[in-house]
Amino acid sequence: MAGALTRLQFGSLPIDPPLLLAPMAGISHSPFRRLLAELGGVGLFATEMLSARSLPSENPRLSPFLIRTAAEHPLSYQLLITDPREAAPAVDALAPANPQAIDINLGCPAPRVRCRGGGSRLMQEPERARAVVAAVRRATPLPLSAKIRLGEQLDEAALVEFCRMVEGEGVDLITVHARLRGEPYGRTPRWGWIGMVKQAVGVPVVGNGGIFSVEDARRCLDASGCDGFMVGRGGVVRPWLFAELAAWLDGRPAPLPPARPVLFFRFLTYLEQGLAPERRLGRLKEFTHTFSQTYPFGHTLASSVQASATVEQARTRARRFFLASDPVGLEACG
Ligand SMILES: Cc1cc2nc3c(=O)[nH]c(=O)nc-3n(C[C@H](O)[C@H](O)[C@H](O)COP(=O)(O)O)c2cc1C
């Protein structure tokens, strides 16, 4: 079945392998993307959601939301946009970052996003969503995608109508996070609903939600017939997951996972190289919160980093955790 899933054509952009990094606020930034790029397997990188209203005032050379290295390629910038008038200035502000694609966030369930009229709120207001998508489409010739959830309640007709609408407004790809707006991450994703969207539109449909292993991807593919996978938390818990999925799609044996302490300290180095000092600790905590699940008793790592007042303190505490829990991995750090 995996043989059926080959490279994905996203507008003018080929995505090979058809594996997309999910936009994750506080996580999908340049240092994390750099780590993934080294491990391989990502066909399209993503930024976290970026407020279209704020983008024009970001400094393209310094902003942690805009900066990138050459390795993070191709890279899609995700817009959190509520008003069609924000589209052209936001797209112009992205130009110095040289995006390969643009994504529109139509699925974020966070109340602070919804109360401003963005994310999943737009799925409840299809006419405003239409105007937003059309405005972004007019503003850029780049490949354009939309990322959605399933909506407020299970309603196939409404979901299909919404997806056909965004396709009609010129979106080149749709990513479906297979949960309703109100459903927590603990709930089993409804991968079959990705398949309903796939049947209804002509553009590629990417499946998202709950892919933590090759087995998950296989089941998602069987249930949905999707054209590619978007992976979020699974790529933080096991940053080599993309390389594993790529090997599976190619029919190659899975690569050996790297030592986890090596990944942690490499990420820390990239944070220090890429971001201003005051931008590092919060992002280290955010990453560690999920990465720590790579260990059965990782909550000790998460809580000790969480309670750190400085990056140096977090580094010392992490080293202590690895010494006790993964001495062989720590040794690989040299
Ligand atoms: C910490 C975190 C931040 C997220 N931020 C965003 C975001 O900025 N934009 C977005 O569209 N989705 C965001 N999401 C949702 C993910 O893109 C993805 O849809 C979700 O995590 C399900 O995929 P997964 O099971 O592979 O993690 C976020 C998820 C997490 C866990």
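The rules we used
- Residues numbered from 1 in each chain as written.
- Predicted model: local features only at pLDDT ≥ 70, side-chain atom pairs only at ≥ 80, totals over all residues.
- Heavy atoms only, no water.
- Phe/Tyr/Trp six-rings, centres within 6.5 Å; stacked < 30°, edge-to-face > 60°.
- Helix = DSSP H or I, 4+ residues; strand = E, 2+ residues; numbered from the N terminus.
- Buried < 20%, exposed > 50% of the residue type's maximum accessible area, 1.4 Å probe, protein only.
- Pairing = 2+ DSSP bridges.
- Axes fitted to C-alpha atoms, helices over the stretch in contact; angles between N-to-C directions.
- Contact = heavy atoms within 4.5 Å.
- Domains from an automatic or database assignment.
- Buried area = accessible area lost by both parts, 1.4 Å probe.
- Salt bridge = Lys/Arg side-chain N within 4 Å of Asp/Glu carboxyl O.
- Polar contact = N/O pair within 3.5 Å; in protein donor to acceptor, adjacent residues only side chain to side chain.
- Nonpolar A, V, L, I, M, F, W, Y, C, P; charged D, E, K, R; others polar.

A. Expanded view of the packing of aromatic side chains. This model, assessed by the stated rule, comprises 11 aromatic pairs. Aromatic side chains Phe 229 and Trp 248 sit 6.1 Å apart centroid to centroid with 35° between the ring planes, which places their arrangement in the tilted category. In this pair, Phe 229 sits in strand β10 (residues 228–231) while Trp 248 sits in helix α9 (residues 241–250), placing the two residues 19 residues apart along the sequence. Ring plane angle 70° and centroid distance 5.7 Å describe the contact between Phe 321 and Phe 322, whose orientation is recorded as edge-to-face. For the pair Phe 321 and Phe 322, a shared accessibility class is recorded, and that class is buried. Three or more aromatic residues joined by ring pairs form one cluster here, namely Phe 32, Phe 264, Phe 265, Phe 267, Phe 287, Phe 291, Tyr 295, Phe 321 and Phe 322.

B. Structural view of the sheet that holds strand β9 (residues 205–208). Sheet architecture is open: eight strands sit in the order β3-β10-β9-β8-β7-β6-β5-β4, paired in parallel fashion. Only two strands of the sheet have a single partner each, and these edge strands are β3 (19–21) and β4 (45–51). Neighbour to neighbour, the strand axes of the sheet diverge by 25° on average, direction disregarded. Of the strands in this sheet, β4, β5 (75–80) and β6 (101–105) are in contact with helix α2 (residues 87–94), which crosses β5 at around 150°. Sitting on the sheet, helix α6 (residues 191–200) is in contact with β8 (173–177) and β9, with an inclination near 170° to β9.

C. A look at the domain arrangement of the protein chain. Each assigned domain of the protein chain is listed here: domain 1 (2–250) and domain 2 (260–331). The gap between the C-alpha centroids of domain 1 and domain 2 is 27 Å. Contact residues are listed per partner, giving 19 residues for domain 1 and 17 residues for domain 2. Taken together, the two surfaces of domain 1 and domain 2 that pack against each other cover about 1700 Å², and 71% of this comes from carbon and sulfur. If you sort the residues of domain 1 by the area they bury against domain 2, Pro 31, Leu 35 and Val 237 come out on top, with a joint share of 30%. Linking domain 1 with domain 2 are one salt bridge. Between Arg 266 and Glu 38 there is a salt bridge, and its shortest N-O distance comes to 2.9 Å. Summed over the shared surface of domain 1 and domain 2, the result is four residue pairs in polar contact (both at pLDDT 80 or more). Counting only elements with at least two residues in the side of domain 1 that touches domain 2, the list comes to α1 (30–39) and α8 (234–237). Among the elements that make up the side of domain 1 that touches domain 2, the one with the highest residue count is α1 (six residues). Of the residues that constitute the side of domain 1 that touches domain 2, the class distribution is 13 nonpolar, two polar and four charged.

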